[in-house]
Structures are given as structure tokens and as C-alpha cells.
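# Structural overview for review
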Amino acid sequence: MSDSASPPPSPKPLLRSFFFLFGGQSISMLGTQAVQFGLIWWLTVETGSATVVAGATLAALLPRALLGPVAGAIVDRCDRRKVMLVADGSLALLSLVLAALFFTGTIEVWHVLALLLVRGVGELLHESAMLASTSLMVPKDQLTRIQGLVQSLAGLLLIVSPPLGALLVAWLPMAAVVLIDAVTALFAIVPLLMVTVPRPERSETNDSSLWDDTLAGLAYLRRRTGHLALLALAALLNLFLVPAFSLLPLLVHSEGSGAGRLAAASTAVGLGMLVGGAVLGAWGGFERRILTTCSGLVLMGVAVLGVAMAPVTTWAFPMLLGTVGIAATLVNGPVHAILQATVPADHQGRVFALSGSMATIATPIGLVLAAPIAEWLGVRAWFLAGGGMTLLLALVAVVARPIRRIEETAPATPEVLATPSDGGRRTQPSPG
């Protein structure tokens, strides 16, 4: 693939192209998540094994945890439109193969686990490429609003995908269910064939290797203490909050409530994300995006502490969970917008992929820590810890100068690593 950057089209056509892509990908994501729900349910019914179900979750997480920096380097050195095309096309083809295996009755558990593993790679490449392309297609003053829209979509999918997946499994044979994923993938692929996605100028030399580019991304983050601190903060948030909400079924069950109460709790979080995303999209947040994130952290910490203390059967419980969903959009949306506005365009793939890796690696570590504590002190103890840590992280974000002033400095010139053709020369980045 050529490394030359594409000429910048005018902003309005680019924004229209972004919404065209976003709309198609939204339909594709709905199909993917509904079908993934169906596949997990099939594994549950077919095997009855907690190990297999946990293995399915691990298969989906492993690519994001282990391959993030390399996937980001691929996104930054290649045509991002083609990366998304290859990722979406490969996933559609794999779904067709899996549907054929279900149709012929030759399906095995390992086939589904392998699909989830490869799907994780494709989703990582697609997500990194789309996030890195957004800043080239959307005006910088609209990035937070666009991220509000993205967060609203996440909340809507959280509400709609599980019941849709359950209906598909109840009404259709599994071959037809999986085929839906391939069909909805066309809604993501066709727009990519019709639009232009700009390419940034590369700071690395044209003959730099993939490994060189990966190391350059890591070197860039090491020198940008504000960005690295922000990503570490996000990982710590995952370390405490993802395990807490993974234990939510145990909390609901331990207080005598059933699946209906758990479904209502999950729906409340999704509705909160939908509302929060709509508010962020209409409002745009504070002019300094980091203040919106800090406000969201405070709201989230208070809401999680409330969840830790509210009885499951009261009206306050789902209300507090909905508030957590609202706060999540106020935290995540501005963080993505900050990275899109302050990281050089040709490094954004690596930064976003590394961010995903850090957050994903923190999740199983948190689960390992949370399980014995919840067994010893109860699930509510971990929610208390999660709420308290969230408030502490909000304080850190306000006090820590590199995070507080992350938007006040221009992006540093990325480091160019030595390659065999340049005689070991290194270009040092400018101070950021």
C-alpha cells in the first residue's frame, strides 16, 4: 500500500462521509452483537460448561489485550479505509463459513471459539482504524459531540442486542442466525467502497518496519506524560468497575431477586448511556474536555457508591445504575475526543489500540482481585471500593498537572526510530 497521504477534501463532504460510514457500521454492529449473544447462548446450552463460556469471553478479549500496539501500527502505516474493508470482509466471510458448518451439522465448539478469537482481531483493527480516521473527517470542535453520538449508540446496542439475539435464537436455526451477521456486514462494507477516508502524512520513514512503527508509538506515549497518565487512569477505572458490574448478577441473586430484576438493571445502564450520549451530543461538554471527564468521574463515583448501598428491590437501584450509564458517556466521550484532537493523526491508530489493550488487560486482573474479596466481604464491598477509587481518580485528574493541562500543548512531533537505511539516526520529538 502506498504511504502517500491523500489530499484533504473539504470539511462538509468529509462529515457527510463520516455519517454515511457511521450509519452503516451501526447496523453492522447491531447484527454482530445480536449474533454474538446467540453464539454465547448456544455454547451455554450445548456444553453447560462455565469453562467453555469463560473461554469464549477470553477468546474475544485476547486479541485486544495482546495485539493492540501491533494492530495500531498496521492502522497507522496502511490505508485505513482498506484496513476496515479487509477487517469487515474477513469477518463476513468467516460468518458464512460458520453458518455453513451449522447448516451441515458439522459444527464443533472449537469452531465457535476460533471465530470469536478471529473476530476479536478484526474488531480491533476496524475500531482502531475508525477512531483514528474520525479526527480527519470531523471538525475538531465537533469531536466531543460526535463521541456523544457514539456513546449513545453503545447504550442503544446494550439495550437492543441481547433481546434481539434471544429472539433470533428462539425463532431461527443457528445457521440462519449466524448468516445475519454476514448480511449486516454489507451495511459496513458498501459505504467503505463509496467514500474517501483521508490519510495522514507519515512521520516515520517509508522503509520503517512494522516493529519500528510499533516501538515508535510506544516511544511517543512515554514522552507524552499527560496522555500516558490519562490511559493509565482509564485502565485503573476498568480494574475496579468492570469486575464490580460483572458481579452484579450475584448481588441481585443474593438478595432474592431473579433474572427479570437483573435484566432491568442492565437495561437501566443502557438507557443511561443513551441519555448521556444524547446530552453530550447536544451540549458538547465544557470547552476544556478534561473538565467534562472529571465531572463524569465524580458523578460516576457517587452513583457507584449509591449502588453499593441501595437495596436491589428499591426504585433507587435502577436509577443509580442509569446514572452510572450517563456518567460513563461523560467520561469516555471526551477522552476519545481529547486523543483525537491532541495526538498526531498518523499515531492515533497506535494510541487508541494501546488504550484498548491497557483497559482490557486490567479487566481480568480486576476479576482475579474482586472474586476473593467479594467471597470474603460480599459483592457490595467491591462496589464500595469501585466508587471510592473512581472519586480518587477524579481528584487525581484534577490535581495532576499533565492530565489537567493535556489540551493546552500542541501535539509533539513523533519520534522516528532508526531503520537500516538511515544509519541509526533518530529524530528526537519536540517537547510536549
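Refer to the preceding data block for the structure.
Attention here is on the structure that accompanies the text. Keep in mind the model is a prediction, meaning the values are calculated, not measured.

## Describing the overall build of the protein chain
A tally of regular secondary structure across the protein chain gives 15 helices and zero strands. Every one of the 432 residues in the protein chain was classed for burial, and the buried ones make up 50%. For the protein chain, the proportion of contacts with a sequence separation of at least 24, taken over those separated by at least 6, is 86%. Only carbon and sulfur atoms are counted for the fraction: they give 71% of the accessible area of the protein chain, which is about 18800 Å².

## Quick notes on helix H14 (residues 379-399)
For H14, with 21 residues, the first-to-last C-alpha span of 31 Å sits near the 30 Å given by 1.5 Å per residue. Looking at H14, one finds that the buried residues are Val379, Arg380, Trp382, Phe383, Gly386, Gly387, Thr390, Leu393, Ala394 and Ala397. Buried residues in H14, looked at end-on, bunch into an arc of 160°, giving them a common side. More than 90 degrees from the buried face of H14, the exposed residues found are Leu395 and Val399. Packed against the buried residues of H14 are helix H8 (225-246), helix H9 (248-254), helix H11 (289-309), helix H13 (348-377) and helix H15 (401-404).

## So, the nonpolar core
One finds Leu248, Met300, Phe317, Leu321 and Phe383 to be the most contacted residues of the largest nonpolar core, which totals 54 residues. Dropping the residues within four chain positions of it, Leu248 is found in contact with Leu262, Ala265, Phe317, Leu321 and Phe383. Of all hydrophobic cores here, the second largest spans 29 residues; its members include Leu21, Val83, Ala129 and Ile146.

## What to know about the environment of Ser17
Mapped onto the elements of the fold, Ser17 is located in helix H1 (residues 11-47). Expressed as a C-alpha distance, the spacing of Ser17 and Val138, which sit 121 residues apart in the sequence, is 9.6 Å. Those residues within four positions of Ser17 in sequence are excluded, and the remaining contacts are Met137, Val195 and Thr196.

## Here's the deal with the packing of aromatic side chains
A complete count under the given rule lists six aromatic pairs for this structure. Seen in terms of ring centroids, Phe240 and Trp382 are 5.5 Å apart; in terms of plane orientation they differ by 10°. Their pairing is stacked. Pair noted here: Phe240 is in helix H8 and Trp382 is in helix H14, with a separation of 142 residues, a long-range link. Judged by relative accessible area, which is 16%, Phe240 ranks as buried. These aromatic residues form a ring-pair network of at least three members: Phe18, Phe19 and Phe22.

Calculation notes
- Residues numbered from 1 in each chain as written.
- Predicted model: local features only at pLDDT ≥ 70, side-chain atom pairs only at ≥ 80, totals over all residues.
- Heavy atoms only, no water.
- Helix = DSSP H or I, 4+ residues; strand = E, 2+ residues; numbered from the N terminus.
- Buried < 20%, exposed > 50% of the residue type's maximum accessible area, 1.4 Å probe, protein only.
- Contact = heavy atoms within 4.5 Å.
- Areas by Shrake-Rupley, 256 points an atom, 1.4 Å probe, with all protein chains shown as cover.
- Expected span 1.5 Å × (residues − 1).
- Arc of directions from axis to C-beta.
- Core = buried A, V, L, I, M, F, W, Y, C linked by side-chain atoms within 4.5 Å.
- Phe/Tyr/Trp six-rings, centres within 6.5 Å; stacked < 30°, edge-to-face > 60°.

So yeah, pure geometry; function would need other evidence.
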